[in-house]
Amino acid sequence: MKKLVYDIINKLDIPEVTYADVRFTNTDDQVIYFEKGKLRHFGSDYDSIDLGVRVLVNGCWGFAGTTIFNNTSIEKTIKKAISNAKVGSKFRKEPATFKKLKPIKDSYFFKPKEDPFLMDDKFKIDFHEKIAQKLVGNKKIVYSYVYTVLYRQYKVYANTEGTFVDSMVYDTMPMMYVLASDGKETMCRTWPGHMNGRRGGFEVVRNVKMEENADKIIEEAIKLLDAPRIEEERADIIIGGGHLALQLHESAGHATEADRIYGKEISYAGKTFIKPAMLGNFKYGSEIVNIFSDSTNEGGMGFHLVDDEGTPGANVDIVKNGILLDQQTSQETAALLGVQPSSNMLASFADDIPLIRMTNFCLAPGKGSLDNLIKSTENGYYIDFTKTWSIDDNRNNFQFTTEIGWKIENGKIKHIVKEPTYYGITPEFWGACNGICGQEEWEFHGTFHCGKGEPGQAIHLSHGVAPARFKNIVCNVKA
Amino acid sequence: MEFRNELVKICEQYPEFKFNFHHRNWETDFLRFYQSQINYNISKTSVSLSTTMYKGKKSYSFSLKNPAKAKLLEKIEEVKMIIDKLPEDPDFIDLEDDLTKSKEKEKINNIEKVSLDKKIDILQKITEAIEPFDFKIYGTFICNYRTLYIINSNGLNKREICSPIFLEVKAVSNKNEVTVLEAYGGENFNTFDVERFTKDLAAKVEAATGEIVDVEPGEYEVVLAPRCIGDYLMYLESSMTARSLDTKQSFFEGKVGQKIFPENITLTDDPEHPDLINFDYNHDGHIYKKLPIIEKGVFKNFMVDNYYGRKLKMKKNGAEGSGLVMETGNKTREELIGSIKRGLYISSLHYMNFINRKETSVTGLTRDGTFLIENGKLTKAVNNLRFTEKISDVINGITDIENQSYTIPSSSNYGEFEIYSAKMPHVKVKGFKISSSTRTV
């Protein structure tokens, strides 16, 4: 397919096309899903091939994508991309412009420790069946499931500036869930939580130790039925890594996507409270808050050599010592903001347009262990495992519920609480951060399901975080 | 057509297996606009085949893009090597066996009917109408054309064509980003009245040009716009399925025949309603016909598909909530607003998520135009607000319903961007719980 991409990009090297890029993806995935102890779904989607052609003509973008790989279809796709741009330019007042980048020619092939696509299917089924069986049997557990999504994607990217890169990555997403009921109410627990995607092969499934944690989540789900709720109006909260990844994702990650500043995503994903004039001076958080976008770290699902418009992978400070410095940008929005593009333009598949997406969006570690952070907390709650998430159109007001929380008194864990629900305003919340654990607690969490754009795309991304503490947070919201 | 026949032959060729095929041809012309200009014009085409292959109670599923007979046969041979090794699903009884066919109407391809030039003309007209208010337009203008063949080893051989149009325009103030929304959805573009659409949007823009205020958390009397009550009912719909009974997350468990909502609440699922985007079959290929869900406050029916119908021994009905219609009341919109001394008008909801599905507790936000009602009139725009509520409480709080309803389009957004619609009126709700302000519009 490299030749096909090469041939198409050469065809687009014509005077009427200011810029063009061509992408090809071949995606394999496999899903193993047990429900209530029984295999409910086992399936694969192999050799799922897509082609996308993006052109800039008369200052307007045109795009066409297809899954049909015959000559007629490919020619039609090229012509459609150009005509979409040409006709569209009649209703485009400000032409899209950006600087030319230095061409890159390179390849990247991730090697998983255990390639799940070379493993015996029976082994993978048996592995999950054993876990599924552990989740059933207790009368109070009325529903359970365990699943893993295995994924790999080969991509070829080329543009008219001379960049030509191909890559192969592997991502894996394992999860188990139990629902307990006492006939009156229901409470759930998951493992390893909703930020469960990781770069890697089947080793990811082994590393999250689902079988070893099955009894623990069953016990916690049942205990939650009789657990108290948070009574205080406000409290200090320590947020565990799995849930903090989502807190960072929603209230800092999406908020600092520059396309939102210019209204390109108002229609569906929304806007942001951030304005260009805030860069370099806005207090986004306390002095210990350092947030960066790093597509150069191979440990996360956001690693790449170049993004989907040819910008080389980069590590960019978004918030430094609490001050907002930069945005996640495309070439076009970087030019509007007067900053360097941050290498955040990505599409899920080749027949999707690239959008500004988080890659490895991280909170820098502070100091000390989680144990020490709890010990230094007089009164508060340690909460983790996302249950509900919601944030407003401008990424300012958020509210989260976690599956479980633990009361802390005088530096010690006392008892569990059910459905801890807290809300906050983004800069005030990050401004209340008064403790972040150190490198020893810092790890990547991630998801396959970050949704954005129209037509919608779900992308794989990672968040590096360590547990952190936030002071005096409203944590008693009830329906 | 040729490939459809091949799929039927494959069902006959391998009698030791049962097959369930979904063969889709899908295309979209998808215009994205922002700041009253084009952002992207996107065209996509896709041909795919989703297959589930059964041997007794064992099954394996796979998808193929751009499928061809040779590739499919190769895959079937691979599955033959795997399937015996898999554990059974003892709850699987059989594939769909409802052979009832709809009229399988031909439909105009709206991608061809509503050209890019025509879309641009419409957007220019809308832009000109709101420019004097210092607003710009943002949104999407989409036409899809999808042909789906559902074929299985029980003799199903059905076709459904869908060609929805979806126009969503947000008008955003250049001054303070206050936003209002107007949308159109349907399959018959002759029902689109650009003059009326523009007039309705401009009226909303005019109402949003004044002062923006904040309100305190608390309980309010509110008028919910049709798309809001539609959103609540669509969320609640996940509790109305047989699957939700099986997963123990249904609010309606044990409530069939019980009066659970006020007498003025009647809800049907009507996939043939002339004002809605129509569907012939559910995902199994079962005929999809009108079904009462709630009648005068009494919960009447769960939506039951093939797998869970057989598993739970419930009668299959093919309903899947893609055409919800709420019965109208006897008040005008003006009367609903006019009867409120101090309250809120909520145009649209955003980022709603369940806290506890069985209890129907959710949190979410208002968006695209929240207004203060004072002495029966919309007086000021209000910052977007957060609510934390039980949907059952919202419905139980409905005191009055508008005497007309509106087609509300929505989309699944992901994958093949399926477009649905519902028919909903404005409703007045008492005791609506606002839990915090976003301090932004």
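Quick summary incoming for the structure in this document. (Residues numbered from 1 in each chain as written. Chains lettered and ligands numbered in written order. Predicted model: local features only at pLDDT ≥ 70, side-chain atom pairs only at ≥ 80, totals over all residues. Heavy atoms only, no water.)

Quick look at helix α5 (residues 194-207) of chain B
All names here are of chain B.
Here comes step 1: Counted at 1.5 Å a residue, the expected span for α5 with its 14 residues is 20 Å, and the 20 Å between its end C-alpha atoms agrees.
Here comes step 2: Those residues of α5 lying buried are Val-194, Phe-197, Thr-198, Leu-201, Ala-202 and Val-205. Taken around the axis of α5, the buried residues stretch over an arc of 125°, which confines them to a single face. Facing away from the buried side of α5 by more than 90 degrees, the exposed set consists of Glu-195 and Lys-199.
Here comes step 3: Residues of α5 that are buried make contact with α4 (116-130), β4 (135-152), β6 (165-173) and β7 (179-186).
Here comes step 4: Among the residues of α5, the N-terminal cap falls to Asp-193, whose side-chain oxygen and the backbone nitrogen of Glu-195 are separated by 3.0 Å. (Helix = DSSP H or I, 4+ residues; strand = E, 2+ residues; numbered from the N terminus. Expected span 1.5 Å × (residues − 1). Buried < 20%, exposed > 50% of the residue type's maximum accessible area, 1.4 Å probe, protein only. Arc of directions from axis to C-beta. Contact = heavy atoms within 4.5 Å. Polar contact = N/O pair within 3.5 Å; in protein donor to acceptor, adjacent residues only side chain to side chain.)

Section: the sheet that holds strand β10 (residues 291-294) of chain A
All names here are of chain A.
Here comes step 1: The 4 strands lie next to each other as β12-β11-β10-β15, forming an open sheet whose pairing is antiparallel. Two strands in the sheet have a free side with no partner beyond their single neighbour: β12 (323-324) and β15 (361-363).
Here comes step 2: As defined by bridge partners, β10 adjoins strand β11 (residues 315-320) across 4 bridges and the pair is classed as antiparallel. By the bridge assignment, Ile-291 is partnered in β11 with Val-319.
Here comes step 3: Strands in contact with helix α6 (residues 241-253) are β10 and β15; relative to β15, the strand with the most contacts, it is inclined by about 110°. (Pairing = 2+ DSSP bridges. Axes fitted to C-alpha atoms, helices over the stretch in contact; angles between N-to-C directions.)

So, the interface of chain B and chain A
Here comes step 1: At the interface, 85 residues of chain B touch 95 residues of chain A.
Here comes step 2: The junction of chain B with chain A conceals about 7600 Å² of combined surface from both sides, 47% of it contributed by carbon and sulfur atoms.
Here comes step 3: The tally of links from chain B across to chain A stands at 12 salt bridges.
Here comes step 4: Measuring nitrogen to oxygen at the nearest pair gives 3.1 Å for the salt bridge that ties Arg-367 of chain B to Asp-393 of chain A.
Here comes step 5: Of all the elements, strand β2 (residues 37-55) of chain B adds the most residues to the side of chain B that touches chain A, at 11 residues.
Here comes step 6: Across the side of chain B that touches chain A, the residue classes tally to 26 nonpolar, 34 polar and 25 charged.
Here comes step 7: Pairing of strand β3 (residues 60-66) of chain A with β2 of chain B, which is carried by 6 bridges, proceeds in the parallel orientation. From the neighbouring strand, Gly-62 of chain A faces β2 of chain B, where its bridge partner is Asn-41 of chain B. (Buried area = accessible area lost by both parts, 1.4 Å probe. Salt bridge = Lys/Arg side-chain N within 4 Å of Asp/Glu carboxyl O. Nonpolar A, V, L, I, M, F, W, Y, C, P; charged D, E, K, R; others polar.)

Comments concerning the pairing of strand β7 (residues 186-191) of chain A
Taken residue by residue, a regular strand's side chains alternate between the two faces of the sheet.
All names here are of chain A.
Here comes step 1: A large share of β7 lies buried, amounting to 6 of its 6 residues.
Here comes step 2: Covered by surrounding structure in β7 are Thr-186, Cys-188 and Thr-190 together with Met-187, Arg-189 and Trp-191, the residues of both alternating faces.
Here comes step 3: Where strand β6 (residues 164-181) lies against β7, 6 bridges are found, and the strand directions are antiparallel. When the bridges of β7 are listed, Tyr-177 appears paired with Thr-190.
Here comes step 4: Counting the residues that bridge the hairpin from β6 to β7 gives 4 residues, and of these Gly-183 lies at a positive phi of roughly 90°.

Details of the packing of helix α1 (residues 2-13) of chain B against helix α2 (residues 69-83) of chain B
Residues and elements named next belong to chain B.
Here comes step 1: Put simply, α1 and α2 touch, their axes get as near as 11 Å, and they point 25° apart. Taken together, the axis directions place α1 and α2 in an arrangement best described as roughly parallel. Crossing geometry of α1 relative to α2 is assigned as right-handed. Contacts from Phe-3, Glu-6, Leu-7 and Ile-10 in α1 reach Lys-69, Leu-72, Leu-73 and Ile-76 in α2. (Parallel < 35°, antiparallel > 145°, perpendicular 65-115°, else oblique. Left-handed = near helix turned anticlockwise from the far one by under 90°.)

Brief notes about the packing of aromatic side chains
Here comes step 1: Here the structure, examined in full by the defined rule, presents 53 aromatic pairs over all chains.
Here comes step 2: Centre to centre, the rings of Tyr-184 of chain B and Phe-192 of chain B are 5.0 Å apart; their planes meet at 65°, and the pair counts as edge-to-face. Judged on exposure class, the residue Tyr-184 of chain B and its partner Phe-192 of chain B are both buried.
Here comes step 3: One Lys or Arg, Arg-40 of chain A, reaches over the ring of Tyr-307 of chain B and ends 3.3 Å from the middle of that ring.
Here comes step 4: Against the face of Phe-251 of chain B rests Lys-255 of chain B, its NZ or CZ located 3.7 Å from the ring centre. (Phe/Tyr/Trp six-rings, centres within 6.5 Å; stacked < 30°, edge-to-face > 60°. Lys NZ or Arg CZ within 6 Å of the ring centre and 35° of its normal.)

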